[in-house]
Amino acid sequence: MSVTIKIEHAVKKFGDHTVIPDLSLTVNPGEFFTLLGSSGCGKTTLLRMIAGFNSIEGGDFYFNEKRINNIAPNKRNTGMVFQNYAIFPHMSTFGNVAFGLKQRGVREPELSRRVDEILKTVQISELRDRMPKNMSGGQQQRIALARAIVIQPDVLLMDEPLSNLDAKLRVEMRSAIKHIQNDCKITTIYVTHDQEEALAISDRIAVMRSGVIQQVGIPMEIYQHPANLFVATFIGQSSLLDGKAVAVDGRPGMELHQGGLRMVLPGMKPVPEGTALKLCIRPNEFVFAESGIPAMVTERVFFGDTMRYTLQFADGQAIEMKQDIHEPVVNPGAQVFVSFRADVVNAFDAETEVSVMKDVVKE
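Note that the coordinates shown come from a computational prediction; the quantities given were computed from them, not determined experimentally.

A. Main features of the environment of Pro252. Secondary-structure assignment places Pro252 in strand 12 (residues 251-256). In this structure, the C-alpha to C-alpha distance between Pro252 and Pro270, residues 18 residues apart in sequence, is 5.5 Å.

Printed below as a string of structure tokens:
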């Protein structure tokens, strides 16, 4: 049965150092929820608090209505998949996957039935009798996943499970994990520092920084409507341009310091004129134009379906720009004008770093 995970005002300290000061979060039943952030932001610490491996210095943790703060890890009915697989090298695939079931008193023929069923689900039935040393990293990771799921946990916890795999295998495995989780309908919390991985695999994402959740939302919300400058620059590649808030034809707009470009920003809230702004513009949002910001093309790189340009403004700032390969090619050294799509750009108050755009979802 899928459960709701509810965390209220969690606090985690290591000695005098506070890692998580005050964190509240709800994960919905059957949801694939990702904790995303750089190393040291507290995401693995929080995961281990949910699992029962870390102490809780404050707050309450619930599985549905059941408070789990003082419940032993082996009584929480969670499955855990680690970064280093943590499978037993002296056991076959069957032995590894059956281990948790045996600990719970499951006996034959039910034991073999459940093991064979999950091996089929994770697509490694042919490896049933093979030892881990004779397997690839991806195959070992599937064993770890099968072992975590076969016990029918209420909650599946995954800590950077793909970080030891090569790039191609990571893509394959993240797709497999998502499909398996969908089939099993297990409430899942997944920890990663990989933004692309989080966007591709998650139902919702919580972006963390220094133990504080910066924004919670579906991947498209996080990417298209970042709540603050940290989220905007952490998720995906972007360039930051300085400007100020101005009224353009009576509508909220901005004027850039670079080139004096003025335009209406359709999604911008009314803010006091003259407010210092930071504009976050992604490479695919820039366009070559008849007028705009003067720039020089310093580099051009072909990526198959896109052309990537590096451009430099008069003040020395460099930006990255991406165009469809079918657009006219511009050579390095060319003097150009650059503008951007005003309907998708994000603007932030330069002082508070909070978004000044409408419909930003924080939680």
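B. Inspection of unusual backbone geometry at higher detail. Residues Glu108 and Pro109 are joined by a peptide bond in cis, for which omega reads 5°. Here Pro109 shows up in the loop between helix 2 (93-103) and helix 3 (110-121). Residues other than glycine seldom take positive phi values, yet Asn77 does so here, at roughly 55°. Position of Asn77 among the secondary structure elements: in the loop between strand 5 (66-67) and strand 6 (78-81). Note on Asn77: relative accessible area 23%, which makes it partly exposed. Positive phi outside glycine occurs at Lys185, with the angle close to 60°. Within the secondary structure layout, Lys185 lies in the loop between helix 5 (167-184) and strand 8 (187-192). The exposure class assigned to Lys185 is exposed, which follows from its relative accessible area of 52%.

C. Broad picture of the sheet that holds strand 12. Strand order across the open sheet formed by five strands is 13-12-11-14-20, with antiparallel pairing between neighbours. The open sheet has two edge strands, strand 13 (262-264) and strand 20 (346-349), and neither has a second partner. The mean angle between the axes of side-by-side strands here comes to 40°, regardless of whether they run parallel or antiparallel. Pairing of strand 14 (residues 276-281) with strand 20, which is carried by four bridges, proceeds in the antiparallel orientation. Considered in strand 20, the bridge of Cys280 is made with Asn346.

D. Structural view of the nonpolar core. Formed by 35 residues in total, the largest nonpolar core has its most connected members in Val97, Leu145, Leu156 and Ile177. Elements with a minimum of two residues in this core: helix 2, helix 3, helix 4 (137-150), strand 7 (155-159) and helix 5. Per-element tally for this core: the top contributor is helix 4, with seven residues. In contact with Val97, not counting residues within four places along its chain, are Val115, Ile118, Leu119, Ile143, Ala146, Arg147 and Val150.

E. Layout of the packing of aromatic side chains. A complete count under the given rule lists four aromatic pairs for this structure. Judged by centre distance (5.4 Å) and plane angle (80°), the ring pair of Phe288 and Tyr309 falls under edge-to-face. Separated by 21 residues along the polypeptide, Phe288 in strand 15 (residues 286-289) and Tyr309 in strand 17 (residues 306-313) bring together distant segments of the chain. Of the residues examined, Tyr309 reaches a relative accessible area of 1% and is grouped as buried. A cation over a ring is seen here: Lys12 above Phe14, with NZ or CZ 4.6 Å from the ring centre. The positively charged end of Arg282 is found above the aromatic ring belonging to Tyr223, 4.0 Å away from the centroid.

Conventions and cut-offs
- Residues numbered from 1 in each chain as written.
- Predicted model: local features only at pLDDT ≥ 70, side-chain atom pairs only at ≥ 80, totals over all residues.
- Heavy atoms only, no water.
- Helix = DSSP H or I, 4+ residues; strand = E, 2+ residues; numbered from the N terminus.
- Buried < 20%, exposed > 50% of the residue type's maximum accessible area, 1.4 Å probe, protein only.
- Pairing = 2+ DSSP bridges.
- Axes fitted to C-alpha atoms, helices over the stretch in contact; angles between N-to-C directions.
- Core = buried A, V, L, I, M, F, W, Y, C linked by side-chain atoms within 4.5 Å.
- Contact = heavy atoms within 4.5 Å.
- Phe/Tyr/Trp six-rings, centres within 6.5 Å; stacked < 30°, edge-to-face > 60°.
- Lys NZ or Arg CZ within 6 Å of the ring centre and 35° of its normal.

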